[in-house]
Amino acid sequence: MAARSLFRTVSGLLRAAGRSCSSGGPVTLPRRGEPALPEAQALSPARRREFLRDHAAPFSAFLTDTFGRRHNYLRISLTEKCNLRCQYCMPEEGVPLTPKADLLTTKEILILSQLFVKEGVDKIRLTGGEPLIRPDVLDIVGQLHQLDGLKSIAITTNGINLARLLPQLQRAGLSGINISLDTLVPAKFEFITRRKGFHKVMEGIHKAIELGFYPVKVNCVVMRGFNEDELLDFVALSEGLPLDVRFIEYMPFDGNKWNFKKMVSYKEMLDMIHQRWPELEKLPEEACSTSKAFKVPGSRGQISFITSMSEHFCGDCNRLRITADGNLKVCLFGNSEVSLRDHLRSGASEEELLNIIGAAVGRKKKQHAGMFNIAQMKNRPMILIGG
Ligand code: SAM
Ligand code: SF4
């Protein structure tokens, strides 16, 4: 079974279109002067493996899917718990939490991270739930920082505990930060998050700037009737501060009462911003970036759009996710999961784990099912998936 999936992965590699998001990794396609792909595809499975060994570059076959996408970016959810209750993320009644014994331990997170990094993952993002309420978060960042080959450790946080923890997180090796903030009006903050805390989040944003994180990314989920009237205020904020304000299209997840009419599309947002700033400049697209970036000339910061719904970026997807209870998810909007925790706890060897990971990556679909289908699908709520 594992061998079959490896072959699938290998043939995917051979079909690979050459698009790669792995930072700095050598290309998988044959290099100049090497046998052409059609010739290679005619090879028997055994010869294909030999071909790959001899000609292909060393990005992991286990982390490369059948469409040639190389997964060098791992997002790990540290917890399902959260100190806010954002209306678009978790149902009002909350979500049933996994018993503590079933969550990944610090050591298990490290073992899995090490395995992925050895295979070519060079960016890890810690998310949740709210990652900064996990008591061992500093320890986890510090130990990840020791992993050879890991170039970036980032966190996505709601910012409530950020100002207090950020200096220590930075010393431990944190290199990137995304802070979620959907409104600049304290009363609206309290409405959407069902909690107080606006000023703490702002304090966190200023602390991140003060400590030199650049750019400090601010995630803003845009919802019609709630905050689309604040788009221009957020853009103005990016004029004066070194922020990347990322406008995220509202996405459907179980229990979040998503409705197409509440979603403000990228095009609509851009139109509104253009009317106020016709001189808005499009910035060059970075490889594998999920966002489209723009800048008001002369600004200290920039803005971006995460167009997961209106213009998906599945073709460039380089992400894998591990949920807080140790399931590998190859797509945020897919419901297939495999428990790495169970295999780890039953003593699976590194090779066995890699075969399981390779099989899951091999099953990754070309693209998500489209916003209307996703809205009908059974999937975990966002808070259980981990951003
Ligand atoms: N608690 C942390 C936070 O809020 O930043 C990390 C986890 S949260 C699930 C990760 C990101 O997902 C946040 O930026 C949040 O705004 C975004 N998010 C949650 N639900 C969403 C939805 N339905 N549509 C779009 N983005 C969503
Ligand atoms: Fe918590 Fe983040 Fe979800 Fe808001 S978006 S409820 S802060 S996990």
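It should be emphasised that the depicted structure is a prediction, and the values quoted were computed from it without experimental measurement.

Colleague: Before we go on, may I ask you to explain the side chain of Lys364 in this structure?
Modeller: Looking at the secondary structure, you find Lys364 in the loop between α12 (350-362) and α13 (371-376). It is Asp65 that comes nearest to the buried, bridge-free Lys364 among opposite-charge side chains, at 5.3 Å. A polar contact is formed between the side chain of Lys364 and the side chain of His71, at a distance of 3.1 Å. From its side chain, Lys364 meets the backbone oxygen of Arg319 in a polar contact 3.3 Å long.

Colleague: Would you explain the pairing of strand β9 (residues 302-306) in this entry?
Modeller: Moving residue by residue along a regular strand, the side chains alternate between the two faces of the sheet. For β9, a buried count of 4 out of 5 residues is recorded, marking the element as mostly surrounded by other parts of the structure. Inspection of the sheet shows strand β6 (residues 243-249) paired to β9 by 5 bridges, in the parallel sense. Bridge pairing in β9 places Phe247 opposite Phe305. As paired elements, strand β8 (residues 291-295) and β9 share 4 bridges and run antiparallel to each other.

Colleague: Hey, could you run me through the site of ligand 1 in this one?
Modeller: Taken together, the neighbourhood of ligand 1 is formed by 20 residues, with Tyr88, Gly129, Ser180, Asn219 and Met251 sitting nearest. Note that an oxygen atom of ligand 1 is positioned 3.2 Å from one of the backbone N or O atoms of Thr157. Counting only elements with at least two residues in the shell around ligand 1, the list comes to β3 (152-157), β5 (216-222) and β6. Across the shell around ligand 1, the residue classes tally to 8 nonpolar, 10 polar and 2 charged.

Colleague: Would you mind showing me how to read the packing of helix α5 (residues 137-145) against helix α6 (residues 162-172) here?
Modeller: The geometry of a pair of packed helices is captured by two quantities: the angle between their axes and the separation between those axes. Contact geometry of α5 with α6 gives a least axis separation of 8 Å together with a crossing angle of 20°. Relative to α6, the element α5 is oriented roughly parallel. Once α5 is placed against α6, the crossing between them reads as right-handed. Counting all contacts with α5, which are made through Val137, Leu138, Val141, Gly142 and His145, the residues of α6 involved are Gln168, Leu169 and Ala172.

Colleague: I'm lost on the site of ligand 2 in this one. Help?
Modeller: Among the 7 residues in the neighbourhood of ligand 2, the closest are listed as Cys82, Cys86, Cys89, Gly129 and Asn158. Looking at the shell around ligand 2 residue by residue, the class counts come to 5 nonpolar, 2 polar and no charged.

Colleague: Is there a simple way to think about the pattern of salt bridges in this case?
Modeller: Oppositely charged side chains can pair when the atoms bearing their charge come close. If you walk through the whole model with that rule in mind, you get 13 salt bridges. Glu337 is paired through a salt bridge with Lys329; the nearest N and O atoms lie 3.5 Å apart. Two residues, Arg341 and Asp342, come together in a salt bridge whose shortest N-O distance is 2.9 Å. In this structure Asp342 comes out as partly exposed when scored by relative accessible area, which is 40%. Among the charged side chains, a salt-bridge network with shared partners connects Lys188, Asp229 and Glu230.

Colleague: Even after reading the chapter, I still don't get the sheet that holds strand β2 (residues 123-127), so can you show me in this structure?
Modeller: Pairing between sheet strands relies on hydrogen bonds along the backbone, with the strands arranged either parallel or antiparallel. The 12 strands lie next to each other as β7-β8-β9-β6-β5-β4-β3-β2-β1-β10-β11-β12, forming an open sheet whose pairing is mixed. Sheet topology places β7 (281-282) and β12 (337-339) at the edges, where each strand pairs with a single neighbour. Pairing analysis gives 2 bridges linking strand β10 (residues 319-322) to strand β11 (residues 327-329), with the strands arranged antiparallel. Bridge pairing in β11 links Arg321 to Lys329.

Colleague: Which parts of the structure should I look at to understand the packing of aromatic side chains?
Modeller: The geometry of an aromatic ring pair is captured by the separation of the ring centres together with the interplanar angle, meaning the angle of the planes. Scanning the entire structure with this criterion turns up 6 aromatic pairs. Residues Phe191 and Phe226 carry aromatic rings whose centres are separated by 6.1 Å and whose planes lie at 35° to one another, so their mutual orientation is tilted. With Phe191 in helix α7 (residues 186-193) and Phe226 in the loop between β5 and α9 (231-240), the pair connects residues that are 35 residues apart, well separated along the chain. Pairing Phe247 with Phe305 gives two aromatic rings, centres 5.7 Å apart and planes at 40°, and the pair type is tilted. One end of the pair, Phe247, is in strand β6; the other, Phe305, is in strand β9, with 58 residues separating them in the sequence. Comparing Phe247 with Phe305, the two get one shared label, buried. Ring-pair connections join several aromatic residues into one group, and the members of that group are Phe234, Phe247, Tyr266, Phe294 and Phe305. Sitting over the face of the ring of Tyr73, Lys123 holds its NZ or CZ atom 4.6 Å from the ring centroid. Lying across the ring of Tyr266, Lys292 places its NZ or CZ 5.3 Å from the centre.

Colleague: Hey, could you run me through unusual backbone geometry in this one?
Modeller: A negative phi angle is the norm for most residues apart from glycine, just as the trans form is the norm for most peptide bonds. That bond from Tyr214 to Pro215 is cis: its omega, -15°, falls within 30 degrees of zero. Among the secondary structure elements, Pro215 is positioned in the loop between α8 (198-210) and β5. Positioned with a positive phi, Arg194 is a non-glycine residue whose angle comes to about 55°. Assignment of secondary structure puts Arg194 in the loop between α7 and α8.

Colleague: For this particular structure, what's the right way to read the pairing of strand β1 (residues 73-77)?
Modeller: Most of β1 is tucked away, with 5 of its 5 residues classed as buried. Neither face of β1 is left uncovered, since the one carrying Tyr73, Arg75 and Ser77 and the one carrying Leu74 and Ile76 both have all their residues buried. Direction of pairing for β1 relative to β2: parallel, over a ladder of 5 bridges. Its bridge partner lying in β2, Ser77 is registered against Thr127. At this point the chain moves from β1, through helix α4 (residues 106-118), to the parallel β2, and the crossover so formed is right-handed. Where β1 meets β10, 4 bridges bridge the pair, whose relative direction is parallel. Looking at β10, one finds that Leu74 is bridged to Leu320.

What counts and how
Residues numbered from 1 in each chain as written. Chains lettered and ligands numbered in written order. Predicted model: local features only at pLDDT ≥ 70, side-chain atom pairs only at ≥ 80, totals over all residues. Heavy atoms only, no water. Helix = DSSP H or I, 4+ residues; strand = E, 2+ residues; numbered from the N terminus. Buried < 20%, exposed > 50% of the residue type's maximum accessible area, 1.4 Å probe, protein only. Lys, Arg positive; Asp, Glu negative; His and termini not counted. Salt bridge = Lys/Arg side-chain N within 4 Å of Asp/Glu carboxyl O. Polar contact = N/O pair within 3.5 Å; in protein donor to acceptor, adjacent residues only side chain to side chain. Pairing = 2+ DSSP bridges. Near = heavy atom within 4 Å. Nonpolar A, V, L, I, M, F, W, Y, C, P; charged D, E, K, R; others polar. Axes fitted to C-alpha atoms, helices over the stretch in contact; angles between N-to-C directions. Parallel < 35°, antiparallel > 145°, perpendicular 65-115°, else oblique. Left-handed = near helix turned anticlockwise from the far one by under 90°. Contact = heavy atoms within 4.5 Å. Phe/Tyr/Trp six-rings, centres within 6.5 Å; stacked < 30°, edge-to-face > 60°. Lys NZ or Arg CZ within 6 Å of the ring centre and 35° of its normal. Right-handed = clockwise from strand over helix to strand, strands pointing away.

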